[in-house]
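# Working through the structure, step by step
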Amino acid sequence: MLKRIVTIQDISCFGKCSLTVALPILSAMGLETAVIPTAVLSTHTGGFSGYTFRDLTEDIPEITKHWDSLKLHFDGIYTGYLGSKEQVKIVSDFFDTFKSDDTTIVVDPVLGDAGKLYAGFTPEFAQEMKQLCSKADVIAPNMTEVSYLLDVPYTENYDEAYIHEMLKHLTELGCPVAIITGVRYGDGMHGAVAYDSRTGTYCSSFKPHIEHPMHGTGDVFSSVLSGAIVKGASLQQALDIAVSFTVRTIEETVPEMDAYWYGVSFEPCLGKLAEDAKKF
Ligand code: PXL
């Protein structure tokens, strides 16, 4: 039986992020992937102007009701970019309906990057996201999101002890496992660090830093991470495959950066991902 995951996030019709990244990645990894689009945007909000935004919040309870009547079961639920406080609450209700003993919930609390909230997000929205994190099994914020989730100042100067402390505080929000993405200790490496509060253990995965910021890499990372965890990978294996795939997509994009400023060329890397994911 294929594992079944549902991913809940927007569709940015052009720009390669959220659902247009999550769906192909999760399918390539061999998961049956259902989607709930939370909004339809003509493009993502990072670098484009004049984009359209159609909010689909009121469809979500209807979809939930229908799926509940079908008695659908999900091995995984993975949420990304959500468009409003109300939507976060509705997604939280979705968790209550579909979480069973063997369902793993991964929340990527998408709020911002490089110390700033994404366009349209407010600190109050970030507060609501805390509630959603409390219901997750795994959360995967970047350092900007850590600062909003924990009400600490954003910093790019930190050491391992600081990251470990933040990870502990993140699990105190109520989720057993926390992962911080985009971690750089100033040694030329870039990666992710995880803490499992049930065992009190940390693990991490790092690769040499590539000096080109690219849009959508967080969604690429979280999609692979979610797929691996739901397929039964250990936390270390999930970090390793998510970090190496993300780096591969960045390497693939670097030679054509000017053309692909809006999102990474993950497509040529899907074949190897499909092979690698077979081991879980
Ligand atoms: O990659 C996160 C993301 C998802 N969805 C939309 C976005 C962004 C980041 O900018 O704008 C619509």
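Residues numbered from 1 in each chain as written. Predicted model: local features only at pLDDT ≥ 70, side-chain atom pairs only at ≥ 80, totals over all residues. Heavy atoms only, no water.

## Focus: the site of the ligand
Under the convention used in this document: Note on definitions. A residue lies near a molecule or strand when any single heavy atom of the residue is within 4 Å of it. Here a polar contact means two N or O atoms within 3.5 Å. Within protein one must be a hydrogen donor candidate and the other an acceptor candidate, and residues neighboring in sequence count only if both atoms are side-chain atoms. Following the grouping adopted for this structure description, the nonpolar residues are Ala, Val, Leu, Ile, Met, Phe, Trp, Tyr, Cys and Pro, the charged ones are Asp, Glu, Lys and Arg, and the polar ones are all others, Gly among them.
Taken together, D10, S12, C17, S18, L41, H44, T45, G46, Y81, Y118, H215 and D219 make up the full set of residues adjacent to the ligand. H215 places a side-chain nitrogen or oxygen 3.1 Å from an oxygen atom of the ligand. A breakdown of the residues in the shell around the ligand according to their chemical character gives four nonpolar, six polar and two charged.

## Quick word on the pattern of salt bridges
The criterion, for reference: By convention in these notes, a salt bridge is any Lys or Arg side-chain nitrogen within 4 Å of a carboxyl oxygen on Asp or Glu. Numbering of helices and strands starts at the N terminus; helices are DSSP runs of H or I of at least 4 residues and strands are runs of E of at least 2. Using a 1.4 Å probe on the protein chains alone, a residue whose accessible area is under 20% of its type maximum counts as buried, one over 50% counts as exposed, and one in between counts as partly exposed.
Under the defined criterion, the tally for this structure stands at 10 salt bridges. Among the ionic pairs, K89 bridges to E128, the shortest N-O distance being 3.9 Å. Highlighted residues: K89 in helix α3 (residues 85-98) and E128 in helix α4 (residues 123-134), separated in sequence by 39 residues. Of the residues examined, K89 reaches a relative accessible area of 49% and is grouped as partly exposed. For E128, a relative accessible area of 15% corresponds to the buried category. A cluster of three or more residues bridged by salt bridges with shared partners is formed by R248, K272 and D276.

## Concerning the sheet that holds strand β8 (residues 138-139)
Our working rule: A strand pair is defined by DSSP finding two or more bridges across the two strands. We call two residues in contact when some of their heavy atoms are within 4.5 Å. The angle between two axes is taken between their N-to-C directions and runs from 0 to 180 degrees, where each axis is a line fitted to C-alpha atoms and a helix contributes only its stretch in contact.
Across the sheet, nine strands lie side by side as β3-β2-β1-β4-β5-β8-β9-β10-β11; this open sheet has mixed pairing. In the strand order of this sheet, the two ends are held by β3 (53-55) and β11 (201-208), each with one partner. The pairing of β8 with strand β9 (residues 177-183) spans two bridges and is classified as parallel. In the strand pairing of β9, I139 is matched with A178. Relative to strand β4 (residues 76-79), helix α7 (residues 217-230) is tilted by about 170°, and along the sheet it contacts β1 (4-14), β4, β5 (104-107), β8, β9 and β10 (189-196).

## Observations regarding the side chain of S223
Examined against the element boundaries, S223 turns out to sit in helix α7. Residue class for S223 comes out buried when judged on its relative accessible area of 0%. With sequence-adjacent residues up to four places away left out, S223 is seen in contact with V21, A22, I25, L26, M29 and Y78.

## Digging into the packing of helix α8 (residues 235-253) against helix α9 (residues 270-277)
We count it as follows: The scheme is simple: roughly parallel for angles under 35 degrees, roughly antiparallel for over 145, roughly perpendicular for 65 to 115, oblique for anything else. We call a crossing left-handed when the near helix sits turned anticlockwise from the far one by less than a right angle, and right-handed when that turn is clockwise.
With their axes 11 Å apart at the nearest point, α8 and α9 run at an angle of 170° to one another. Judged by the angle between their axes, α8 and α9 are roughly antiparallel. Note that α8 runs across α9; the crossing there is right-handed. Contact residues: I241, F245 and R248 in α8; L270, K272, L273, D276 and A277 in α9. For the contact of α8 with α9, the class distribution of residues is five nonpolar, no polar and three charged.

## Side note on helix α6 (residues 160-171)
The condition that has to hold: Given a helix with a known number of residues, its expected span is that number minus one, times 1.5 Å. By construction, the arc corresponds to the directions joining the helix axis to the C-beta atoms.
Helix length check: α6 (12 residues) gives 17 Å between terminal C-alpha atoms against 16 Å at 1.5 Å per residue, within 8%. Those residues of α6 that fall on the buried side of the exposure criterion are I163, H164, M166, L167, L170 and T171. End-on view of α6: buried residues confined to an arc of 160°, all on one side of the axis. Looking at the packing, one finds that the buried side of α6 touches β8, α5 (143-150), β9, β10 and β11.

## Here's the deal with the nonpolar core
Quick reminder of the rule: The criterion is simple. A nonpolar core is a set of buried Ala, Val, Leu, Ile, Met, Phe, Trp, Tyr and Cys residues joined through side-chain atoms within 4.5 Å.
Formed by 43 residues in total, the largest nonpolar core has its most connected members in V6, I77, F94, L170 and I180. Not counting the four nearest positions on each side in its chain, V6 is found in contact with A34, V35, I36, W67, F74, G76, I77, Y78 and F94. Within the second largest apolar cluster, 42 residues are counted, among which are Y78, A192, F221 and M257.

## Thoughts on the environment of E211
Note on placement: E211 falls in the loop between β11 and α7. Considering only alpha carbons, one finds E211 and Q87, 124 residues apart in sequence, at a separation of 35 Å. Reaching out from E211, the side chain makes a polar contact with the side chain of H209 at a distance of 3.3 Å.

## Looking at the environment of D151
Topologically, D151 is positioned in the loop between α5 and α6. Residues D151 and A126, 25 residues apart in the sequence, show an inter-C-alpha distance of 9.7 Å. Discounting residues that sit within four places of it in the chain, D151 has contacts with Q127, K130 and V146. One polar contact links D151 to K130, side chain to side chain, over a distance of 2.7 Å.

## Examining the pairing of β9
On a regular strand, one side chain projects to one face of the sheet and the next to the other, so that they alternate. In terms of burial, β9 is a largely internal element, six of the seven residues being buried. Direction of pairing for β9 relative to β10: antiparallel, over a ladder of five bridges. Bridging from a neighbouring strand, I180 pairs with V193 of β10. Following β9, the chain reverses through five residues before pairing antiparallel with β10; G186 in that reversal takes a positive phi of roughly 85°.

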